[in-house]
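# Per-entry structural report
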Amino acid sequence: SQQGEEDPQALSIQEGENATMNCSYKTSINNLQWYRQNSGRGLVHLILIRSNEREKHSGRLRVTLDTSKKSSSLLITASRAADTASYFCATAYTNTGNQFYFGTGTSLTVIP
Amino acid sequence: DGGITQSPKYLFRKEGQNVTLSCEQNLNHDAMYWYRQDPGQGLRLIYYSQIVNDFQKGDIAEGYSVSREKKESFPLTVTSAQKNPTAFYLCASSSGMRFRKDSGIVPGELFFGEGSRLTVL
């Protein structure tokens, strides 16, 4: 399977703290994307990082990519209760055309 | 507003029945996807379509069928051959398709519908 893995599976933090979640993938990628999913809802795109980029920022989100380790991390700074959700990474591999492979997700709980 | 609409949101099926999940998008996207989500397993790709009248199997296509007769629509049929159909089904479409010399057409971000939850009674 080309499915990636994320860790931790679950993360619980206090409001105002930073949350870091990691994603590992299998082979060479075109790009890696992070998505958020509120319980029982569809996924929402957060940020895309291309294979030739190492870091990207969007508001309180910071994504890094290490292609030598085949891993990415998502940092959410100054977390809020509204950030409570599941977060998934999705990879577009160079040898699989338009297919996206999702990780198993990290369930984040931000305690007010 | 532009987006993806899935229906129904909840669906119950008796064993042995086929059911069809609807997915419509007005984003003018060429590519559309169906994913299945089970607890603790993330999303798994069932089928995807890059253009009208064309589609490819994903990792778990057995027991499912699709059609892509119109750009806007990509319905998924869960057949009686699917042994464990109870799951949350998500439809998505892709924007930002572009050609890269070293890797062909490169996918952009996915836009998701709100999902359909299928329960087998």
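Residues numbered from 1 in each chain as written. Chains lettered and ligands numbered in written order. Predicted model: local features only at pLDDT ≥ 70, side-chain atom pairs only at ≥ 80, totals over all residues. Heavy atoms only, no water.

### Brief notes about the overall build of chain A
We apply this condition: Secondary structure counts use DSSP, requiring at least four H or I residues in a row for a helix and at least two E residues in a row for a strand, with both numbered from the N terminus. C-alpha atoms define the radius of gyration, and 2.2 Å times the number of residues to the power 0.38 defines the globule rule. Exposure is judged per residue with a 1.4 Å probe applied to protein chains only, and the accessible area is read against the type maximum: over 50% gives exposed, under 20% gives buried, and values in between give partly exposed.
Helix and strand content of chain A: zero helices and eleven strands. In terms of overall dimensions, chain A is globule-like: its C-alpha atoms have a radius of gyration of 13 Å, near the 13 Å expected for 112 residues. Dimensions of chain A, computed from the C-alpha atoms along their principal axes, are close to 45 × 30 × 20 Å. Counting all 112 residues of chain A, 49% fall into the buried class.

### Notes on the sheet that holds strand β8 (residues 71-76) of chain A
Paired through backbone hydrogen bonds, the strands of a sheet run either parallel or antiparallel to each other. Residues and elements named next belong to chain A. Keep this limit in mind: For two strands to be treated as a pair, DSSP must find no fewer than two bridges joining them. In this description, a line fitted to the C-alpha atoms serves as the axis of each element, helices being fitted only across the stretch in contact, and the angle between N-to-C directions of two axes falls anywhere from 0 to 180 degrees.
Read across the open sheet, the five strands follow the order β1-β3-β8-β7-β6; overall the sheet is antiparallel. Since the sheet does not close on itself, it has two edges, and those belong to β1 (5-7) and β6 (55-58), each with one partner. Each strand of the sheet is rotated relative to its neighbour by a mean of 15°, with strand direction disregarded. Across six bridges, strand β3 (residues 19-24) lies against β8 in antiparallel orientation.

### Considerations on the state of the cysteines
Rules: Counting rule for disulfides: a pair of cysteine sulfur atoms within 2.5 Å.
Under the defined criterion, the tally for this structure stands at two disulfides over all chains. In this model A:Cys23 forms its disulfide with A:Cys89; the gap between the sulfur atoms is 2.0 Å. Across the disulfide from A:Cys23 to A:Cys89, rotation about the S-S bond amounts to roughly 70°, and the bridge is consequently right-handed. One end of the pair, A:Cys23, is in strand β3; the other, A:Cys89, is in strand β9 (residues 85-93), and 66 residues separate them in sequence. Here B:Cys23 is linked by a disulfide to B:Cys91, with a sulfur-sulfur distance of 1.9 Å. An S-S torsion of about -75° defines the bridge between B:Cys23 and B:Cys91 as left-handed. Of this pair, B:Cys23 sits in strand β3 (residues 19-25) while B:Cys91 sits in strand β9 (residues 87-94), and the two are 68 residues apart along the sequence. For the pair formed by B:Cys23 and B:Cys91, the shared burial category is buried.

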